[in-house]
Structures are given as C-alpha cells and as structure tokens.
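# Per-entry structural report
So the chains spell out like this:
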Amino acid sequence: MTVYTMVPDRQTLHGQFSRDFPPVLTIDSGDTVIYRTLDAGWHIAPRHATEAPQQFSPRKPEYDAGHALCGPLAIRGAQPGMTLVVHINEIRPGTWGWTRAGGWASPVNTRLKLAEVAGLTHLWTLDPDALTGQNQDGFQVQLHPFMGVMGLPPQEMGMHPTGPPRVWGGNIDCKELVAGSTLYLPISVPLALFSVGDGHALQADGEVSGTAIECPMERVELRFELDETRTLSTPCANTPAGWITLGFHDDLHEATMIALDAMLTLMTQQYALTRQDAIALASLVVDLHVTQVVNGVIGAHAILPHGALKHV
C-alpha cells in the first residue's frame, strides 16, 4: 500500500466535473492519498472585513467556475458498475473560515426575503486542535469538520457544474461524513476520476444560508478501495452516527424516498429481511434528515444508528 500527497496547484485544481479531465495521479486499490485543499471559494488567505479576499490565480473561467476541487484521481482497474470505497481517515481544518448569508437570489433567500438585503459574512477563527471556532461577534461553536464535495464525474461527456450532487457523489454536503466514516460511491466512468474539496468546519443539516463554515483543510487523509461485489443506485456510508443512505432530487419528498428506498435495500441485505419487515423496523429506528436545501438538487439522508437493531 502506497501513500501519496496532493496539494492545490494549477495542475490539480479544477471547478467542474468532467470525464474528459486527465487524471493528475493514478493509484492502486488500497492506496492512500493525503490532500491539502483550498476552501470552496478558491481563497489562499483568510478573508477580512475591509479587504478584497485573496484568491488562487491564474484561473480558467471555463474550468474553474465552481468549488475548488483537487483531482481528478484515477484508480487502476475501476470500471462503471463497481463501487469506489473511500475511507475517511483524517480531516484537519485550517485556522480560518467564513459563512456568507443573504444578498443573492436563491430559493431560500427569496422565500425568506433575504435576497434583496445586503449580504454579510461571518469571519471565523478556527482552532484545529481544540476543534472550536469563534466569529468576529464572539460566538463560539464546536467544530465537526467534513468535506462537502467528494465525487466522480457523470457518464456524459463535457463539463458539469460542481453545485448539484449526483448519483456519483459530488456536492453531497452531508455533515455525517466525518473522519472515521467510509463513503461508498457508484463508479460512473473508467478509472473513477475522484475529486475532493469544499471543506466545512461545521454545518447543520440543511446548510440553510447556502454556506457552512467554509474553510481550507490542512490535511485530508483518504484511503481508496474498489468493490466489485457491491452494486449501488445512490451513495451510502458507514459513519460514526450509523449507516446512512443518500437521496438527491429537485423535490424534497422524492429525495427522501430515494434515501429510504436505499436504506430498505441495505437493511434487507444486512439483516436478511423482506422489504415489508425492513420498513416496519425502519419506522422504529431509522431517522430521515434533510441533508441540504441549497444546491439546486436537494439532499436527504436516512440514518440507521449503530446498535439500534439487534437480532438475538
């Protein structure tokens, strides 16, 4: 097993998903990559209230319009129909972050009458050892860092925006994908072509302002494996909170049904249940959460907590 490093530079950074992008690194199943990432907004230094933010340069508008992602990473032997297993071993945030609110048209801002007001930014000082953050107004929070974007490009040729999550992952924005989690992604294209970015120091379910505490990450350690036996219709993960299944759709009800359907499939496989038995038990122990409502495509996830269901 080999350990590689990937840092944000002109070769590794991109702001779209595309199967046409050549891989910047090729590894074997079982190998580990240690990343350093920019924040989603391509900033290279802490933001300040009275100064224009410093951003990575040069950038190519046609390639770099979305989140600042590192990759693509190729895994030898990966083929469509397989599953990419991403072991999230470590996530260490940087020392600063920001949260933006109001001032732009979005479904949430428009509905809550925040689209036309002046936008504001909370600036956060982060302590990656104590895992605390404090904003300029003295509010302190406990950090819960995770990567907002982990995913693969669609099957179709061309470039695809990083904003909406897809069956193959991407801008999932699920707060449960912390260190110690394992993410399972359906592979869409040969070599998988995995990208990661959009570090979040803290985010609640919903991400209702449209941003979390957006931050660079000092260290993101991921180990990759190929699974030729698992077939997925949507991403799932084994997290400290429990097993989760994810659903994405522009309609929240449908996103929830996709996540629930995948959870029933997981329960039938893990516990040798019928679907009727699975939904009866799910009604008792599975929680449905709204992952995010701000990425154009809404996310929902179902959680089966560890130890909630035992067969004696």
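Now for a quick tour of the structure. Remember, it's a predicted structure, so these values are computed and weren't measured experimentally.

Conventions and cut-offs
- Residues numbered from 1 in each chain as written.
- Predicted model: local features only at pLDDT ≥ 70, side-chain atom pairs only at ≥ 80, totals over all residues.
- Heavy atoms only, no water.
- Helix = DSSP H or I, 4+ residues; strand = E, 2+ residues; numbered from the N terminus.
- Rg over C-alpha atoms; globule rule 2.2 N^0.38 Å.
- Contact = heavy atoms within 4.5 Å.
- Lys, Arg positive; Asp, Glu negative; His and termini not counted.
- Charge placed at Lys NZ, Arg CZ, Asp CG, Glu CD.
- Core = buried A, V, L, I, M, F, W, Y, C linked by side-chain atoms within 4.5 Å.
- Buried < 20%, exposed > 50% of the residue type's maximum accessible area, 1.4 Å probe, protein only.
- Pairing = 2+ DSSP bridges.
- Axes fitted to C-alpha atoms, helices over the stretch in contact; angles between N-to-C directions.
- Phe/Tyr/Trp six-rings, centres within 6.5 Å; stacked < 30°, edge-to-face > 60°.
- Lys NZ or Arg CZ within 6 Å of the ring centre and 35° of its normal.
- Salt bridge = Lys/Arg side-chain N within 4 Å of Asp/Glu carboxyl O.
- Polar contact = N/O pair within 3.5 Å; in protein donor to acceptor, adjacent residues only side chain to side chain.
- Arc of directions from axis to C-beta.

For the chain, the helix and strand inventory stands at three helices and 21 strands. Taking 20 Å as the expected radius of gyration for a compact globule of 312 residues, we find that the chain reaches 19 Å, a close match to that expectation. Counting only contacts in the chain whose residues sit at least 6 apart along the sequence, the fraction spanning at least 24 positions is 74%. Across the chain, the 18 positively charged side chains and the 31 negatively charged ones have centroids separated by 2 Å.

With that settled, consider the nonpolar core. Residues Y35, L84, F194 and F224 are the most contacted members of the largest nonpolar core, which totals 48 residues. With five residues, the single largest contributor to this core is strand 17 (residues 217-227). In this structure, Y35 is in contact with M6, C70, L73, F194, V196, E218, R219, V220, L222 and F224, ignoring residues within four places of it in sequence. Grouped together as the second largest cluster of nonpolar side chains are 16 residues, Y184, C236, V285 and A302 included.

The next point concerns the sheet that holds strand 19 (residues 242-249). Pairing in this open sheet of nine strands is mixed, and the strands run 1-5-17-7-15-18-19-21-20 from one edge to the other. Every interior strand has two partners, whereas the edge strands, strand 1 (3-6) and strand 20 (287-292), have only one. For this sheet, the mean inter-axis angle between neighbouring strands, taken without regard to orientation, is 25°. Its contacts with the sheet place helix 2 (residues 252-271) against strand 19, strand 20 and strand 21 (298-304), and it is angled at close to 145° to strand 19.

It is worth spelling out the packing of aromatic side chains at this point. Counted under the stated rule, the structure contains four aromatic pairs. Aromatic pair F194 and F224: ring centres 5.0 Å apart, planes at 70°, arrangement edge-to-face. With a gap of 30 residues between them, F194 in strand 16 (residues 194-200) and F224 in strand 17 connect regions that are remote in the sequence. We note that F194, like F224, is buried. Taking the ring centre of Y184 as reference, the NZ or CZ of R230 above it sits at 4.2 Å.

Tallying each qualifying case throughout the model produces nine salt bridges. In this structure, R230 and D227 form a salt bridge, with 3.6 Å as the shortest nitrogen-oxygen distance. A residue is classified by how much of its surface remains accessible, and R230, at 26% relative accessible area, is partly exposed. When its relative accessible area of 16% is taken as the criterion, D227 is described as buried. Beyond isolated ion pairs, a larger network of salt bridges with shared partners links E90, R219 and E221.

The next thing to look at is the side chain of T182. Position of T182 relative to the elements: it lies in strand 15 (residues 182-186). Of the polar contacts made by the side chain of T182, one reaches the side chain of H87; its length is 3.2 Å.

The buried fraction of strand 6 (residues 69-75) is high, at seven of seven residues. Of the pairings in the sheet, the one linking strand 2 (residues 13-14) to strand 6 comprises two bridges and is antiparallel in character. When the bridges of strand 6 are listed, L13 appears paired with C70. Where strand 4 (residues 25-27) lies against strand 6, three bridges are found, and the strand directions are parallel. What sits directly across from I27, in strand 6, is I75.

Once that is clear, we can look at the sheet that holds strand 10 (residues 132-135). Neighbouring strands of a sheet are bound in pairs by backbone hydrogen bonds; such pairs are parallel or else antiparallel. The strand order 8-9-10-11 describes an open sheet built from four strands, whose pairing is antiparallel. Each edge of the open sheet carries a strand with a single partner, namely strand 8 (96-101) and strand 11 (140-142). Taken pair by pair, the neighbouring strands of this sheet meet at an average axis angle of 30°, ignoring direction. Pairing geometry for strand 10 and strand 11, over three bridges, is antiparallel. Along strand 11, the bridge assignment pairs Q134 with Q140.

A word on helix 3 (residues 275-285). Counting along an α-helix, one turn takes 3.6 residues, and residues three or four places apart therefore face a common direction. Taken as a whole, helix 3 has its buried residues at A278, A282 and V285. All buried residues of helix 3 fall inside an arc of 80° around its axis, so they share one side. Across helix 3 from its buried face, at more than 90 degrees, point the exposed residues Q276, S283 and L284. Of the surrounding elements, those touching the buried residues of helix 3 are helix 2, strand 20 and strand 21.

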